[in-house]
Amino acid sequence: MSQARTGEQLLSSTDGHRWTLARVAPAQPRARLLWLPALGVAARHYLPLAHALAAHGIAVHLHEWRGNGSSSLRPSRERDWGYAELLGLDLPVSMDAVPDDAPLWLGGHSLGGQLACCLAGQHRQRVAGLALVASGTPYWRSFPAPRRWLLPLAYRFLPWLARRQGVLHGRRLGFGGTEARSLIADWAAVGRSGRYAAPGTSLDLETGMAALEVPVQAVAMADDWLGPTSSLHALLAHMPRARAHVTVLDQSALQVRADHFSWMRAPEAVASRLAEKFFDES
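Position labels on residues start from 1 in each chain and follow its written sequence. Where local features are concerned, this predicted model is filtered to residues with pLDDT of at least 70; where side-chain atom pairs are given and counted, the filter is 80 or more; whole-chain, interface and lining totals use all residues. Here the side-chain values reflect all heavy atoms present in the structure, with hydrogen atoms and water set aside.

*Asks:* How do you make sense of the overall build of the protein chain when you look at a structure like this?
*Replies:* Segments assigned H or I by DSSP are reported as helices when at least four residues long, segments assigned E as strands when at least two residues long, and all are numbered from the N terminus. A count of helices and strands for the protein chain gives 11 helices and 10 strands. Taken against the 2.2 N^0.38 rule, which gives 19 Å for 282 residues, the C-alpha radius of gyration of the protein chain at 17 Å falls within 12% of a compact globule. Dimensions of the protein chain, computed from the C-alpha atoms along their principal axes, are close to 50 × 45 × 35 Å. Put simply, the protein chain has 282 residues, and 57% of those count as buried. Within the protein chain, counting contacts between residues at least 6 apart in sequence, those at least 24 apart form 72% of the total. Per-residue accessibility takes into account occlusion by the displayed protein chains alone, with areas from the Shrake-Rupley method and a 1.4 Å probe. With the model as given, the accessible surface of the protein chain reaches about 12200 Å², and the carbon-plus-sulfur share is 48%. The charge count includes Lys and Arg as positive and Asp and Glu as negative, but it does not include His or the ends of the chains. Where a charge sits is defined by one atom per residue type, namely NZ (Lys), CZ (Arg), CG (Asp) or CD (Glu). Where the 29 positive side-chain charges of the protein chain centre and where its 23 negative ones centre are 6 Å apart. In this description the radius of gyration comes from C-alpha coordinates, and the expected globular size is given by 2.2 Å times residues to the power 0.38. The buried label applies to any residue whose accessible area, calculated with a 1.4 Å probe on protein chains only, is under 20% of its type's maximum; exposed applies above 50%, and partly exposed to all values in between. Contacts between residues were defined by any pair of non-hydrogen atoms, one from each residue, lying within 4.5 Å.

*Asks:* In this structure, what is going on with the sheet that holds strand β2 (residues 18-25)? I would like to understand it.
*Replies:* Whether parallel or antiparallel, the strands of a sheet pair through hydrogen bonds between backbone atoms. Here, any two strands with at least 2 DSSP bridges between them count as paired. Within the open sheet, the 8 strands sit side by side as β1-β2-β4-β3-β5-β6-β9-β10. Their pairing is mixed. Two strands bound the open sheet, and with one partner strand each, they are β1 (5-12) and β10 (243-249). Ignoring strand direction, the axes of neighbouring strands in this sheet form an average angle of 20 degrees. Pairing of strand β3 (residues 31-36) with strand β4 (residues 58-62) involves 5 bridges; the strand directions are parallel. Bridge pairing links leucine 34 to histidine 61 in β4. Every axis corresponds to a line fitted to the C-alpha atoms, with the helix fit spanning only the stretch in contact, and the corresponding angles, defined between N-to-C directions, vary from 0 to 180 degrees. Contacts from helix α1 (residues 47-54) reach β1, β2, β3 and β4, with the element oriented near 160 degrees to β4. Packing against the sheet, helix α3 (residues 111-122) makes contact with β3, β5 (104-109) and β6 (127-133), and its axis sits at approximately 150 degrees to β5.

*Asks:* Where do I start with the pattern of salt bridges in this structure?
*Replies:* Pairing is possible between side chains that carry opposite charge, provided their charged atoms lie close to one another. A pairing counts as a salt bridge when a side-chain nitrogen of Lys or Arg comes within 4 Å of a carboxyl oxygen of Asp or Glu. Summed over all chains, the structure comprises 7 salt bridges. For arginine 66, the salt bridge goes to aspartate 15, with nearest N and O atoms at 2.8 Å. Here the residue arginine 66 occupies a position in the loop between β4 and α2 (83-97), and aspartate 15 occupies one in the loop between β1 and β2, the gap between them amounting to 51 residues. Connected through shared salt-bridge partners, Asp15, Arg66 and Asp90 make up one network.

*Asks:* Even after reading the chapter, I still don't get the pairing of β4, so can you show me in this structure?
*Replies:* On a regular strand, one side chain projects to one face of the sheet and the next to the other, so that they alternate. Counting buried residues in β4 gives 5 out of 5 residues, a clear majority hidden from the surface. The side-chain alternation of β4 yields two buried faces, one formed by Ile58, Val60 and Leu62 and the other by Ala59 and His61. Relative to β4, β2 is paired through 3 bridges, and the arrangement is antiparallel. Each bridged residue has a counterpart across the sheet, and for arginine 23 the counterpart in β4 is histidine 61.

*Asks:* In this structure, what is going on with the pairing of strand β9 (residues 215-221)? I would like to understand it.
*Replies:* For β9, the buried fraction is high: 7 of the 7 residues fall into the buried class. By the alternation rule, side chains of β9 split into Pro215, Gln217, Val219 and Met221 and Val216, Ala218 and Ala220, which are all buried. Relative to β9, β6 runs parallel, the two being bridged by 4 bridges. Directly across from leucine 132, in β9, lies its bridge partner alanine 218. Here 7 bridges tie β9 to β10, and the two strands are oriented parallel to one another. Bridge assignment links alanine 218 to a residue of β10, and that residue is valine 246. Crossovers are marked right-handed if the path from the first strand over the helix to the second runs clockwise, as seen with the strands pointing away from the viewer. In this view, the connection linking β9 to its parallel neighbour β10 by way of helix α8 (residues 229-236) has right-handed handedness.

*Asks:* How should I be thinking about the packing of α1 against helix α10 (residues 268-276) in this particular structure?
*Replies:* Packed helices, taken two at a time, are described by their axes: the angle between them and the distance between them. Between α1 and α10, the least distance of the axes is 9 Å, while the angle of their chain directions is 45 degrees. Judged on the interaxial angle alone, α10 and α1 are oblique. Two packed elements cross with a definite hand, and for α1 against α10 that hand is right-handed. Contact residues: Leu49, Ala52 and Leu53 in α1; Glu268, Val270, Ala271 and Leu274 in α10. Angle categories: roughly parallel below 35 degrees, roughly antiparallel above 145, roughly perpendicular from 65 to 115, and oblique for all the rest. Left-handed describes a crossing whose near helix is turned anticlockwise from the far helix by less than a right angle; the clockwise case is right-handed.

*Asks:* When you look at the packing of aromatic side chains in this model, what are you seeing that I'm missing?
*Replies:* By convention here, two paired aromatic rings are described through the distance between centres and the angle between planes. The aromatic pairing rule takes the rings of Phe, Tyr and Trp, using the six-membered ring of Trp, and pairs them if the centres are within 6.5 Å, calling planes under 30 degrees apart stacked, those over 60 edge-to-face and the rest tilted. Inspection of every chain in the model, using the stated rule, returns 8 aromatic pairs. Taking 6.0 Å as the distance between ring centres and 55 degrees as the angle between the ring planes, the aromatic pair formed by tryptophan 140 and tryptophan 149 counts as tilted. Overall, the relative accessible area of 14% leaves tryptophan 140 in the buried class. Here tryptophan 149 falls in the exposed class, since its relative accessible area comes to 55%. Relative to tryptophan 187, the ring of tyrosine 155 has its centre 5.1 Å away and its plane inclined at 85 degrees; by these criteria the two rings are edge-to-face. Within this pair, whereas tyrosine 155 is found in helix α4 (residues 147-165), its partner tryptophan 187 is found in helix α6 (residues 181-193), the two being separated by 32 residues in sequence. Of the two residues, tyrosine 155 and tryptophan 187, neither departs from the other in class, the shared state being buried. An aromatic cluster of at least three residues, connected via ring pairs, comprises Trp35, Tyr46 and Trp263. In this structure, arginine 148 is placed above the aromatic ring of tryptophan 149, and the distance from its NZ or CZ to the ring centre is 5.6 Å. The rule for a charge over a ring is simple: NZ of Lys or CZ of Arg within 6 Å of the ring centre, and within 35 degrees of the ring normal.

This is the structure in structure tokens:
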């Protein structure tokens with residue numbers, strides 16, 4: 001375990017949402033990483049990864065999604081949000097809270113990796129690089145058969161179910177947590193069309209990503225059916241000017257199952273792969 005300093009900072013967005021930005025940092029960080037969790041996963045679950053990265057000289061700042069962990073909100077029929085709120089209100093606040101004493105990278109797991117790419121495209125002058133783990137676009141055509149043929153149905157059913165219930169009770173389905181219906185609608189729209197958008201805003205996510213010229217350090221899991229390497233490469237295709245380096249880890253490298261979530265219990269191998277070229281590129 002690194003001799004890292006830990007801390008928390010209470011943040012708020014203009015619509016009154018409050019959350020805690022957790023920090024794990026070496027005394028003199030060589031880079032800083034704003035990390036975005038997977039759908040339905042609280043930020044605290046990435047503390048082992050943050051400590052592992054801090055041992056490599058990387059300060060990690062853990063963003064909290066609306067509706068999870070330290071967030072002051074929970075989704076309901078009355079409380080709803082989507083990509084517009086996440087990308088337009090919350091994430092810029094977390095970015096501004098990260099000190100500017102070292103190169104700033106954005107990164108994330110699964111949905112967090114996707115939205116890190118979207119956010120980087122909107123803040124190209126500030127972002128030094130991207131770090132992606134078990135991430136990829138949900139676009140149905142990027143998945144291998146036969147699963148790809150079932151995905152369009154899921155991308156219609158889940159938004160319908162969320163609208164009917166007021167939220168998506170994801171834990172009952174084994175997918176995410178209790179999720180806001182517009183968030184599920186926005187995610188599913190990408191799954192159907194392959195294009196990223198934040199309805200209700202002027203943000204042009206596709207143009208922003210297409211203009212990115214940053215290094216991307218991506219780690220995929222060999223047995224990850226939720227984020228296969230084909231979906232990762234399809235996500236990277238949205239950033240044709242970026243300099244991507246992809247590593248695929250198997251069970252022998254991880255010492256745990258090489259699936260979508262197990263690596264979080266033993267993140268040292270992931271941290272080492274991310275850090276390998278972090279400073280070469282910064």
